[in-house]
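So the chains spell out like this:
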Amino acid sequence: MRFKGEAPAVGTKVVTRTPRGLELGEVRAAPRETNKAFGEVVRVADAGDLDRVHRLREQEESLKWWLKARLRAKLPQVKVLGCNYTLDGGHVVVYYSAENRVNLGGAVREIARHAGARVEFVAKGPRDQTAFLGTLGMCGLESCCSTWMQQFAPATIRMARDQQLPLSPEKISGPCGRLLCCLAYEHPHYKELLADMPKKNAKVCTSAGVCGKVIKLNPLAGTVDLYTEGGGVITAPKEDLRPRDKEG
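None of these values were measured; they are calculated from a predicted model.

1. Digging into the environment of alanine 29
By secondary structure assignment, the location of alanine 29 is in the loop between strand S2 (21-26) and strand S3 (40-44). The class for alanine 29 is partly exposed, based on a relative accessible area of 25%. When the C-alpha atoms of alanine 29 and proline 8 are compared, they prove to be 9.9 Å apart, with 21 residues separating the residues in sequence.

Listed below in structure tokens is the structure:
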């Protein structure tokens, strides 16, 4: 988001200019870098703006339920998630989800007449639905995607492996059913920690002469678990280890 002059404080309601027109927004984080793709802040919202938005929210809720009723018979596979008017009321975005591709072109004219505005349909996938509707993450806080994120960070199974997480879907997936976004945020730190640790299954020895195979890495603690040649399991600091091949 681009700012004119000094950036407003976090939590401030602002009027923003987006590709659709003027919309109300809220500053969620301090600006990191200029990104014109999301528009610019025009001004801090005043009482008139907030009153206008309050009335538009009532229209949006009414339109949402009208749409649900109208589409239930014609397109039962379509789930209407919500509606969003621009600040001048001239453009309304209808957010929806559907398992298969649907053609909503035939409904646009009727909806535009009822809404009194130009209508745009935007399909939402599983991640987008979670961001739009809002939910709690595994950490117990409101999900990042519904609070401050502007774009989804790509997450991979490799990131979960590097962070020594169990690869069961329920442990590494968010409420949307996709991989946790926070895997991507934390991955650079884990890569740095793992850089000077032995690989899993490597043969190593401690300074006390106990040798074995690495069965688990504990990057945050800086230790590894060894299955020793004597058949036991010990935990040793990474600084206390050297490759088995170098043992005399």
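What follows continues from the structure just given.
2. Description of a nonpolar patch on the surface
On the surface, a nonpolar cluster with roughly 270 Å² of combined accessible area is contributed by Ile215, Tyr227 and Val233. Considering the arrangement of structural elements, one finds isoleucine 215 in strand S8 (residues 211-218).

3. Details of empty space enclosed by the protein
Counted under the stated rule, the structure contains 1 cavity of 30 Å³ or more. Approximately 30 Å³ is the volume found for the largest cavity. If you trace the largest cavity, you find it lined by Trp66, Leu67, Arg70, Leu71, Lys74, Ala107, Glu110 and Ile111. When contributions to the lining of the largest cavity are tallied by element, the ones reaching two or more residues are helix H1 (47-74) and helix H2 (105-115). Element by element, the count of residues in the lining of the largest cavity is highest for H1, at 5 residues.

4. Considerations on the sheet that holds strand S9 (residues 223-228)
The strand order across the open sheet built from 5 strands is S10-S9-S8-S7-S11, with neighbouring strands paired in antiparallel fashion. Each of the sheet's edge strands pairs with one partner strand only, and the pair in question is strand S10 (233-237) and strand S11 (241-243). Sheet twist, expressed as the average angle between the axes of neighbouring strands with direction ignored, equals 50°. As paired elements, S9 and S10 share 5 bridges and run antiparallel to each other. Across the sheet, the residue bridging to aspartate 225 is threonine 235, located in S10.

5. Details of the pattern of salt bridges
Here the structure, examined in full by the defined rule, presents 11 salt bridges. The shortest N-O distance in the salt bridge between lysine 13 and glutamate 26 comes to 3.0 Å. With lysine 13 in strand S1 (residues 13-18) and glutamate 26 in strand S2, this pair connects stretches of sequence that are 13 residues apart. What makes lysine 13 partly exposed here is its relative accessible area of 36%. The partly exposed category is assigned to glutamate 26, whose relative accessible area is 42%. A salt bridge links aspartate 162 to arginine 158; the nearest nitrogen and oxygen atoms lie 3.0 Å apart. Here aspartate 162 pairs with arginine 158, and both are found in helix H4 (residues 157-162), just 4 residues apart, close to one helical turn. Look at aspartate 162 and you get buried, because its relative accessible area is 12%. A residue is classified by how much of its surface remains accessible, and arginine 158, at 54% relative accessible area, is exposed.

6. Some thoughts on the sheet that holds strand S6 (residues 118-123)
A sheet is described by the order of its strands in space; here 3 strands give the open sequence S4-S5-S6, paired in mixed fashion. Single-partner strands in this sheet number two, and they are strand S4 (79-85) and S6. The average angle at which neighbouring strand axes cross in this sheet is 25°, direction not considered. Pairing of S4 with strand S5 (residues 91-97), which is carried by 6 bridges, proceeds in the antiparallel orientation. Note that in S5 the partner of cysteine 83 across the bridge is valine 94.

7. Comments concerning unusual backbone geometry
Positive phi values are uncommon outside glycine, yet glutamine 164 reaches one of about 60°. Turning to its location among the elements, glutamine 164 is positioned in the loop between H4 and helix H5 (169-172). Residue classification places glutamine 164 among the partly exposed residues on the basis of a relative accessible area of 30%. The backbone of asparagine 201 sits at a positive phi, close to 80°, despite the residue not being glycine. Relative to the assigned elements, asparagine 201 resides in the loop between helix H6 (182-194) and strand S7 (203-206). Take asparagine 201: its relative accessible area is 48%, and that puts it in the partly exposed class.

Criteria and thresholds
- Residues numbered from 1 in each chain as written.
- Predicted model: local features only at pLDDT ≥ 70, side-chain atom pairs only at ≥ 80, totals over all residues.
- Heavy atoms only, no water.
- Helix = DSSP H or I, 4+ residues; strand = E, 2+ residues; numbered from the N terminus.
- Buried < 20%, exposed > 50% of the residue type's maximum accessible area, 1.4 Å probe, protein only.
- Patch = residues over 30% accessible without salt bridge, like charges linked within 9 Å, V, L, I, M, F, W, Y side chains within 5 Å.
- Areas by Shrake-Rupley, 256 points an atom, 1.4 Å probe, with all protein chains shown as cover.
- Salt bridge = Lys/Arg side-chain N within 4 Å of Asp/Glu carboxyl O.
- 1 Å grid on protein atoms, 1.4 Å probe; cavity = no way out; pocket = protein on both sides within 12 Å on 5 of 7 lines; lining within 4 Å.
- Points joined across faces, edges and corners; volume = space filled by probe spheres on them.
- Pairing = 2+ DSSP bridges.
- Axes fitted to C-alpha atoms, helices over the stretch in contact; angles between N-to-C directions.

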